[in-house]
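Each chain, written out:
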Amino acid sequence: MLLLCPVAALTQSTGSLSGRVLDPSGAAIPSAVITVSNPVGGFTKRTQAALDGSYSFSNLPLQSYDVTAEHAGFQRVRRMVALRSNVPAVQDLTLALASDRTTVDVQATGSLLIEPADTGTRAQINQADIERLSLQVGNRGLEAALLTFPGFSQNANGAIHPRGAHNQMTFVVDGMPISDQLTGAFANAVDPNVVQTVELFTGNIPAEYGNKVSAVANVTTRAGLGSGRVLGGTLLLSAAEFDTVNSLAQVSGEKGKFGYSASLSAMKSNRYLDQVSLDNLHNGGNLERGFARADYQPNGRDVFRTHFMAGRSAFQLANLRSQHANGMAQRQGLQDASLMLAWVRTLNPSSTLDVTASLRTAEATLTPSEGDTPVTAEQRRRLSTFTLWNRFNSIRGAHTLKGGVDYQYFPVQEQFGFAITAGGFNPPESEEYLETLLPHDLTRGGRPFQFARRAAGALYTGFVQDNVRWGRWQMALGLRYDNYRFLANGNQLQPRIGVSYHLRETDTVLRASYNRTYQTPPNENLLLSGSVEASRLASPVVRAALGGSVATIRPERQNFYELGVQQALAGRFSLNASFYHKNARDQQDNDNFFNTGIIFPMTLARIRVNGVEGRAVFPEWRGLRATVSMTHARAISTPPFTGGLFLGSSAVDALSAGPFVIDHDQKLSVQNVTQYTSRKGYFVTVTTRYDSGLVTNPSDPEEVAADADYADLLPYVNLRATPPRTRPRTIVDAAAGYEHKRNDRKLWELTVQTSNLTNRTALYNFQSLFAGTRLVQPRTVGVRMRWFF
């Protein structure tokens, strides 16, 4: 069996499939075409059998597949294969002679429209779908693609709220976990151009994942092994309004036992961030990213893999009109680099061992200007994360086992300073005057606030999980233990339990799960947020709620319950729906610093979230494919506030009075993606998204009407509602293009794309404590040209 597995599993989150294609006598059928596909995920991959009839697929997402083999003179054969682990799977395919009508071999048990093994909400998206999505022109991160799934509220600068959480999301890239807060203004996001597949968990998170697990995106990058060529790639150029230009170069290939892939991209725009007013003022920026991956397979049992990622961005911070008139010109810079090394060893036909070590460093700087108002600020911070993951995987009959021991070490450095520069900000005669800010008011003889500190923390983890098949039942039994050592020390045992039942007669899967999670605080700006110096700046109301003491920001302890159903309809459609309830202590969130990209971690005492969501998938039929996602989430938080850096915000005092509906709450969001691809190469994608509106700051409408910076935004926010919300919006994005092929080989592709087709003016948020003020992108038209070689 080992000889039939020439390519072992390449990552912890993907599987491999291999075997031979044979005729009825057992002789090899070279050049047979083998295809693996999944209609719900839209995933398709093809290869040709070698001279000895062998074939292999690697980097396959863990799901069920329709596997077909065909060759001239033989009947097409079909099998259904389920991949649940990176333990290599073997499937030989025997083709009957075309003239033998009595031995047609077509066996595909069950429906690929449902996944009976899923005990929680799980979805997938692949490279081909991401490339054809009508994403926002100038989009820079993978989060925009994840919005096509239910469970996410959309926010500004690429930020998304998974299931009532502020962020608390982990990206696992080829086995390297990234729990940094990845938004356009705070950190460089994962580049969608390097992605081959994404496996998304939002319910019943497996026990192997911790840290930030409101959602987990398992990202498998493009690999050269298995490509069947020494060199191939793409070149892309695009241009759009707001002087937006983008370029991308990608290469990949294999030679013998070595495979490689690499990409380099660059982008600039005069609308780099979502603007803070109807005028797009002081908002230019640029971004460069690089990625390289190498795989080496010296034999049939070992695979060594490494990848390197780096990104750099420099951009202006968008101004309000008053700031622009005063000559404010703050700039921000972000840099990150990561290196990952991994080894996968096939111990025997049913077991593998994975070892992954990674190092990631992220830096951010904020540069002040002479015209800063009402506050000037500067920052330099650095976060490094070293991670060591160890995994043992085994398939024993009905059991799919996984266990591991992990270690993470994270040194942090922070420097931050601010000072008040406008005499009208925090005046002594105001009812909202804060005496604690007077020492840092330059207009009244004060000095800048300065903070500099460094520290290091660690997280120690062990887990076991077993997925058990028992007739129509599927059980996911997991247990995780985390020991956290940083500003606060703590530990938590976390059961992760799920069960599903398959009603084969109606193609229905019922599921239920319970998760206990232990979500550690974000490390960025954590030292300042939890410091005595920051607590002295808080309002008397906030300090009184904490008894006048400094409260440490602790990990969030969360109970998460989910009920769900999958249903195949008429053999053509798939429906996946769920209800969830979450309650947590020490809820984590962020305080946004004056519409800048600087955010400070904070906690509230508790949060309670109830949600309902669903997704309908209409697999490809005559070139047409569509998905519809719906999300409802109700999120109520209970003070007091801990951490953050709330300067001159009266809203924090008002919200400290008792439970309130937080800005993650949204009554309804619906997203439809419809794609059509003709046999002649033409394609169209239309994305329509409706959002009923996020909760905003409880601002006084009369005061807003008198403020020249915000008065013209009043039509787009309902401040008299309880709670106040941004107005509902429907945004339509469209893309149309042509793909030119010759002999079934892609040569070039031309796409015209329009974001916000109806030019709808709308707000993501308004004067929010947690996100500031940001507007939806106005209508933007762009064109993209891609060459393949």
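Everything below is about the structure printed above this text.
Residues numbered from 1 in each chain as written. Predicted model: local features only at pLDDT ≥ 70, side-chain atom pairs only at ≥ 80, totals over all residues. Heavy atoms only, no water.

**Q** Explanation requested: the overall build of the protein in the structure shown.
**A** Each helix and strand in the protein was counted, giving eight helices and 42 strands. Against the compact-globule benchmark of 28 Å for 789 residues, the protein has a radius of gyration of 27 Å, which places it among compact chains. Expressed as lengths along the three principal axes of its C-alpha atoms, the size of the protein is roughly 95 × 50 × 45 Å. A total of 789 residues make up the protein; the buried ones form 59% of that total. Counting only carbon and sulfur atoms, one obtains 57% of the accessible surface of the protein, whose full area is about 30,100 Å². (Helix = DSSP H or I, 4+ residues; strand = E, 2+ residues; numbered from the N terminus. Rg over C-alpha atoms; globule rule 2.2 N^0.38 Å. Buried < 20%, exposed > 50% of the residue type's maximum accessible area, 1.4 Å probe, protein only. Areas by Shrake-Rupley, 256 points an atom, 1.4 Å probe, with all protein chains shown as cover.)

**Q** What am I meant to see in the environment of Asn743 here?
**A** Inspection of the secondary structure puts Asn743 in the loop between strand E38 (729-742) and strand E39 (745-755). Along the backbone, Asn743 and Val686 are 57 residues apart, and their C-alpha atoms lie at a distance of 29 Å.

**Q** What should I look at first to understand the nonpolar core in this one?
**A** Judged by nonpolar contacts, the single largest core of 38 residues is most densely connected at Phe416, Phe418, Leu528, Phe593 and Leu645. Residue assignment for this core shows that the elements contributing at least two residues are strand E22 (351-367), strand E23 (375-396), strand E24 (399-420), strand E25 (449-470) and helix H4 (526-529). Not counting the four nearest positions on each side in its chain, Leu645 is found in contact with Phe416, Leu528, Ala534, Leu537, Asp591, Phe593 and Phe600. Counting residues in hydrophobic clusters, the runner-up holds 34 residues, among them Ile130, Ala144, Leu147 and Phe171. (Core = buried A, V, L, I, M, F, W, Y, C linked by side-chain atoms within 4.5 Å. Contact = heavy atoms within 4.5 Å.)

**Q** What should I look at first to understand the sheet that holds strand E9 (residues 122-126) in this one?
**A** Hydrogen bonds along the backbone pair up the strands of a sheet, which may run parallel or antiparallel. Pairing in this open sheet of five strands is mixed, and the strands run E9-E14-E15-E12-E13 from one edge to the other. Each end of this open sheet is capped by a strand with a single partner; those strands are E9 and strand E13 (176-178). When strand polarity is set aside, the average angle formed by the axes of neighbouring strands in this sheet is 20 degrees. (Pairing = 2+ DSSP bridges. Axes fitted to C-alpha atoms, helices over the stretch in contact; angles between N-to-C directions.)

**Q** Hey, could you run me through the pairing of strand E29 (residues 556-569) in this one?
**A** Along a regular strand, successive side chains alternate from one face of the sheet to the other. Here strand E28 (residues 508-519) pairs with E29 via twelve bridges, running antiparallel. Looking at the pairing, Ala512 lines up with Leu563 of E29. Sheet topology note: the E29/strand E30 (residues 573-592) ladder contains 13 bridges and is antiparallel. When the bridges of E30 are listed, Asn559 appears paired with Asn583. In this structure, the hairpin formed by E29 and E30 is closed by a connection of three residues, where Ala570 is found at a positive phi of approximately 55 degrees.

**Q** It is not clear to me how the pattern of salt bridges should be interpreted in this structure. Could you clarify?
**A** For side chains bearing opposite charge, pairing can occur when the charged atoms are close. For the structure shown, the criterion picks out 37 salt bridges. In this structure, Arg511 engages Glu562 in a salt bridge whose closest nitrogen and oxygen atoms are separated by 3.7 Å. You can see Arg511 sitting in strand E28 and its partner Glu562 sitting in strand E29, a full 51 residues away along the chain. Residue Arg511 shares its accessibility class with Glu562, and that shared class is buried. (Salt bridge = Lys/Arg side-chain N within 4 Å of Asp/Glu carboxyl O.)

**Q** Teacher, can you tell me more about the pairing of strand E1 (residues 14-22) here?
**A** Counted residue by residue, E1 has eight buried out of nine residues, so it is predominantly covered. As defined by bridge partners, E1 adjoins strand E4 (residues 54-61) across six bridges and the pair is classed as antiparallel. Directly across from Leu17, in E4, lies its bridge partner Phe57. Where E1 meets strand E7 (residues 89-90), two bridges bridge the pair, whose relative direction is parallel. Note that in E7 the partner of Ser18 across the bridge is Val90. For E1 and strand E8 (residues 93-94), the ladder comprises two bridges, and the chain directions are parallel. Within E8, the residue paired with Leu22 across the bridge is Thr94.

**Q** Where do I start with a negative patch on the surface in this structure?
**A** On the surface, Glu431, Glu432, Asp700 and Glu703 cluster together into a patch of negative charge. By secondary structure assignment, the location of Glu431 is in the loop between E24 and E25. Overall, the relative accessible area of 84% leaves Glu431 in the exposed class. (Patch = residues over 30% accessible without salt bridge, like charges linked within 9 Å, V, L, I, M, F, W, Y side chains within 5 Å. Lys, Arg positive; Asp, Glu negative; His and termini not counted. Charge placed at Lys NZ, Arg CZ, Asp CG, Glu CD.)

**Q** Could you clarify how one ought to interpret the side chain of Arg132 in this entry?
**A** Relative to the assigned elements, Arg132 resides in helix H1 (residues 127-132). A polar contact is formed between the side chain of Arg132 and the side chain of Glu749, at a distance of 3.4 Å. Once you skip the residues sitting within four places of it in the chain, Arg132 turns out to touch Gln675, Thr677, Phe683, Thr685, Glu739 and Glu749. (Polar contact = N/O pair within 3.5 Å; in protein donor to acceptor, adjacent residues only side chain to side chain.)

**Q** What am I meant to see in the sheet that holds strand E2 (residues 33-38) here?
**A** Ordered in space as E3-E2-E5-E6, the four strands form an open sheet in which the pairing is antiparallel. A strand with exactly one partner marks an edge of an open sheet, and here the two such strands are strand E3 (43-48) and strand E6 (77-82). For this sheet the average axis-to-axis angle between neighbouring strands, irrespective of direction, equals 20 degrees. Examined bridge by bridge, E2 and strand E5 (residues 64-70) share five bridges and lie antiparallel to one another. Opposite Val36, over in E5, you have Val67 as the bridge partner.

**Q** I would appreciate a short explanation of the packing of aromatic side chains in the present structure.
**A** Ring pairs (aromatic) are described by centroid distance and by the angle formed between their planes. Using the criterion set out here, one finds 19 aromatic pairs in the structure. When the centroid spacing of 6.3 Å and the interplanar angle of 20 degrees are considered together, the rings of Phe258 and Tyr260 count as stacked. A residue is classified by how much of its surface remains accessible, and Phe258, at 37% relative accessible area, is partly exposed. Accessibility expressed as a relative area gives 22% for Tyr260, which makes it partly exposed. Ring centres 5.7 Å apart and planes at 85 degrees place the aromatic pair Tyr710 and Phe766 in the edge-to-face group. Of this pair, Tyr710 sits in the loop between helix H8 (701-705) and strand E36 (717-718) while Phe766 sits in strand E40 (residues 763-768), and the two are 56 residues apart along the sequence. Among the aromatic residues, those joined into a ring-pair cluster are Phe416, Phe418, Phe449 and Phe600. (Phe/Tyr/Trp six-rings, centres within 6.5 Å; stacked < 30°, edge-to-face > 60°.)

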